[in-house]
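Remarks on the overall topology
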Number of protein chains: 2
Amino acid sequence: MAREAGLSKTTVSAALNGTGRLSPAVRERARETARRMGYRPNATARQLRAGRARLIGYVVGEFAGEPWTYLDSPYFARLTSATAAAALRHGYALVMLPAGTLQREWADLPLEAVIVADPVEDDPLVEDFLAARIPVFSDASVADRPGAHWVDVDTEAAVRDSLDHLRERGARRTALVLPDSTTRFHRQVHAAYRAWCARRGAEELVTLVPAPGNGPVVRSVEEALGAEPRPDGLFVVAEASPPLVLDAARRRGLSVPGDLRVVCVSEDSSAAHADPPVTTLSLRPVEVAEAGVSLLVSALEDGGSTPPGVLLSARLRVRASS
Amino acid sequence: MAREAGLSKTTVSAALNGTGRLSPAVRERARETARRMGYRPNATARQLRAGRARLIGYVVGEFAGEPWTYLDSPYFARLTSATAAAALRHGYALVMLPAGTLQREWADLPLEAVIVADPVEDDPLVEDFLAARIPVFSDASVADRPGAHWVDVDTEAAVRDSLDHLRERGARRTALVLPDSTTRFHRQVHAAYRAWCARRGAEELVTLVPAPGNGPVVRSVEEALGAEPRPDGLFVVAEASPPLVLDAARRRGLSVPGDLRVVCVSEDSSAAHADPPVTTLSLRPVEVAEAGVSLLVSALEDGGSTPPGVLLSARLRVRASS
DNA sequence: CTGAAAGCGCTAACAG
DNA sequence: CTGTTAGCGCTTTCAG
């Protein structure tokens, strides 16, 4: 198209990129010709020239192999779209790598970094990326690994606040419903719950949910509420639809918040519209996404002076269920 | 690293790609050196050479400007991850383009095609992509546009089946709760409902939901159920948590399915666990995703003989609420 | 102010 | 069986 416009490649490039010092007339001629011919610069060639592709991988690692969680989780849905939006604002595009993605499936992508949401313990994906010298951004379980950065919420404090809150509202026996997973967050919740119980001299009432999804979680909630003597507080950390948690309590003959105070870890907006509205602990996916992308951009572009990680606070949104 | 191995670039390339006819010894030496040095071929250079990047854009267009819907919608969450997984199986990677993405944000990406989920009427994004000669895969609203392919569900049949089902179960006055949007699907539902009512001589009872999200939908449901005489059938096409729809009926003093038969268009797994379980009409996001990716791959790789579009059936999952 | 030439890292012809 | 060479489409010195 340079030929078509009667100019050289150089001049056209300068005209289209707004660089160099060209006469307005020439610049306009190049632009006009480009428009007329529907010319668009080849993105791959520009990337090669620039030495960077501005592409970031995005993996959800939790329950790797089971696509379930991600599909049904408002947390991951929000995290994903907030990450994509934040990345794009910084000039990076996000490529989706479903859990279970193999090395040969991403090896052909010019990834500058990869975000691994909620890796499992010693996640092989994280190892693979680090071995390929691709910087990894994940949660605090990767702290101290060279090439890895992290963003995390202060789980310890969040659990303590939630349990203290339930206690203030009169709960003396708070049951915990937790996924049976090796995600750092879940392990930390378990540890923090036990520590809190020890400190308060409270009995530990833990029900592990064997699989993700509303069905298993609801069954586990019912199981937890069947303990004798009855729990009068319920802390549901496994993602489930809050109205269904209330239904389970109702089936057990417990009124909320009279007999049972309920807090759910959830981003599900149905919590606010349930009857009664359900108190939630938000893991703040949008803030996590934005902090993660900021960290990533500064590590990739500014270089060395970037902190290795960022710690955010979870947020307890108190509603009528407690 | 060719020098390091004492070989030429060509030989190394052939060794690593398994092409050419090299002695096993040489091949192994190249591989070993690559491993030792942590060498990985530059993906961008390969893409440039190959003339294709195997990257596909993915946009959600509904309620462009309002990120809400996508965040809270199990339909889009499933569609998104199923699309990403299907694409990867075919060797393509999906890059996320949030609704509202500007031309200059995707112009630098070497996209071979773009998937636009649920575009609004005359979606400007679709126009931009077609103008840039990037093939568009979307719903049937783009049919007949050159360069555009589509996958859609048979809305007409789905609405008819749902309304017939409600009628069989005894509903004589079925109210429709529909988002106030210009998505093709929503317009078609509206038209099909009116046609059905005309055919059956039934009164049209339509409530338009002004905004996405559980709150507005639940309010609209309550409004719909407040009509006199009371509806005895409810068809909720706006995405909402099914248990919340039941709550709304309960607040209106209606028992389900005794006084009111309920069908929700939803992918939310909480429907199956609600009390009573809620009949849903599934738009089959996973099947749509897979059909769309198959179509895309065959259009991109096989060339001309690809059909312009694919029509799938929705699926009614009958449960106790009707 | 504009054009020719080099080179980003790779692979596919083609010579040796 | 292996190595040299050209070129993918672009940007950027550097001469003219």
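In this report, we go over the structure that sits alongside the text. All of these numbers come straight from a predicted model, not from anything done at the bench. (Residues numbered from 1 in each chain as written. Chains lettered and ligands numbered in written order. Predicted model: local features only at pLDDT ≥ 70, side-chain atom pairs only at ≥ 80, totals over all residues. Heavy atoms only, no water.)

The next point concerns the relation of the copies chain A and chain B. The relation between the two chain copies is a rotation about an axis coupled with a shift along that axis. Once chain A has been moved 0.0 Å along the axis and rotated by 180°, it coincides with chain B to within an RMSD of 0.0 Å. A rotation of that kind, with that shift, is consistent with a two-fold axis. Using C-alpha coordinates, one finds that chain A approaches the rotation axis most closely at Val95 of chain A, a distance of 2.1 Å. Residue by residue, 98% of the interface of chain A is reproduced at the interface of chain B, so both copies engage with the same surface. (Least-squares fit on C-alpha atoms with pLDDT ≥ 70 in both. Contact = heavy atoms within 4.5 Å.)

Here the focus is the pattern of salt bridges. Residue and element names in this part refer to chain A. With the rule as written, the count across this model stands at 34 salt bridges over all chains. A salt bridge links Glu112 to Arg52; the nearest nitrogen and oxygen atoms lie 2.9 Å apart. Placement of Glu112 in strand S3 (residues 111-117) and of Arg52 in the loop between helix H4 (43-50) and strand S1 (55-60) is noted, with a sequence separation of 60 residues between them. Under the relative-accessibility criterion, Glu112 is labelled buried at 16%. Between Glu290 and Arg89 there is a salt bridge, with the nearest N and O atoms lying 3.3 Å from each other. Of this pair, Glu290 sits in helix H14 (residues 285-301) while Arg89 sits in helix H6 (residues 74-89), and the two are 201 residues apart along the sequence. In the salt-bridge network here, residues are joined through shared partners; they are Arg52, Arg54, Glu112 and Glu301. (Salt bridge = Lys/Arg side-chain N within 4 Å of Asp/Glu carboxyl O. Helix = DSSP H or I, 4+ residues; strand = E, 2+ residues; numbered from the N terminus. Buried < 20%, exposed > 50% of the residue type's maximum accessible area, 1.4 Å probe, protein only.)

With that settled, the discussion passes to the protein's contact with DNA strand D. Looking at DNA strand D, there are 19 residues lining it, with Lys9, Tyr39, Asn42 and Arg49 of chain A together with Thr10 of chain B nearest. Near-protein atoms of DNA strand D (within 4 Å) split between backbone and bases, with sugar and phosphate holding 58%. Within the side chain of Thr10 of chain A, an N or O atom sits 3.2 Å from a base oxygen of DNA strand D. Secondary structure elements with two or more residues in the surface near DNA strand D: helix H2 (9-17) and H4 of chain A together with helix H2 (9-17) and helix H4 (43-50) of chain B. (Near = heavy atom within 4 Å. Polar contact = N/O pair within 3.5 Å; in protein donor to acceptor, adjacent residues only side chain to side chain.)

Turning next to empty space enclosed by the protein. The gaps left among the atoms become clear once a water-sized probe is rolled over them. All names here are of chain A. All chains considered together, the criterion is met by 2 cavities of 30 Å³ or more. One number sums up the size of the second largest cavity: a volume of about 30 Å³. Along the walls of the second largest cavity sit Arg172, Arg173, Thr174, Tyr193, Trp196, Cys197, Ala202 and Glu203, which together make up its complete lining. Here the lining of the second largest cavity takes 3 residues from helix H10 (residues 184-200), the largest share from any one element. Residue classes in the lining of the second largest cavity are distributed as 4 nonpolar, 1 polar and 3 charged. (1 Å grid on protein atoms, 1.4 Å probe; cavity = no way out; pocket = protein on both sides within 12 Å on 5 of 7 lines; lining within 4 Å. Points joined across faces, edges and corners; volume = space filled by probe spheres on them. Nonpolar A, V, L, I, M, F, W, Y, C, P; charged D, E, K, R; others polar.)

Contacts between chain A and chain B engage 52 residues on the former and 51 residues on the latter. Contact between chain A and chain B buries roughly 4,400 Å² in total, counting both sides, with carbon and sulfur atoms accounting for 60%. Where chain A touches chain B, the interface holds 2 salt bridges. Arg46 of chain B is the salt-bridge partner of Asp108 of chain A, the closest N and O atoms lying 3.3 Å from each other. For the interface between chain A and chain B, the tally reads 8 residue pairs in polar contact (both at pLDDT 80 or more). Put simply, the parts of the chain that give the side of chain A that touches chain B at least two residues each are H4, helix H5 (68-72), H6, strand S2 (93-97), helix H7 (103-106), helix H11 (214-225), helix H12 (242-251) and helix H13 (270-273) of chain A. Per-element accounting of the side of chain A that touches chain B gives the leading share, 8 residues, to H6 of chain A. Residue classes in the side of chain A that touches chain B are distributed as 27 nonpolar, 12 polar and 13 charged. In this structure, S2 of chain A lies alongside strand S2 (residues 93-97) of chain B, joined through 3 bridges in antiparallel fashion. Directly across from Met96 of chain A, in S2 of chain B, lies its bridge partner Leu94 of chain B. (Buried area = accessible area lost by both parts, 1.4 Å probe. Pairing = 2+ DSSP bridges.)

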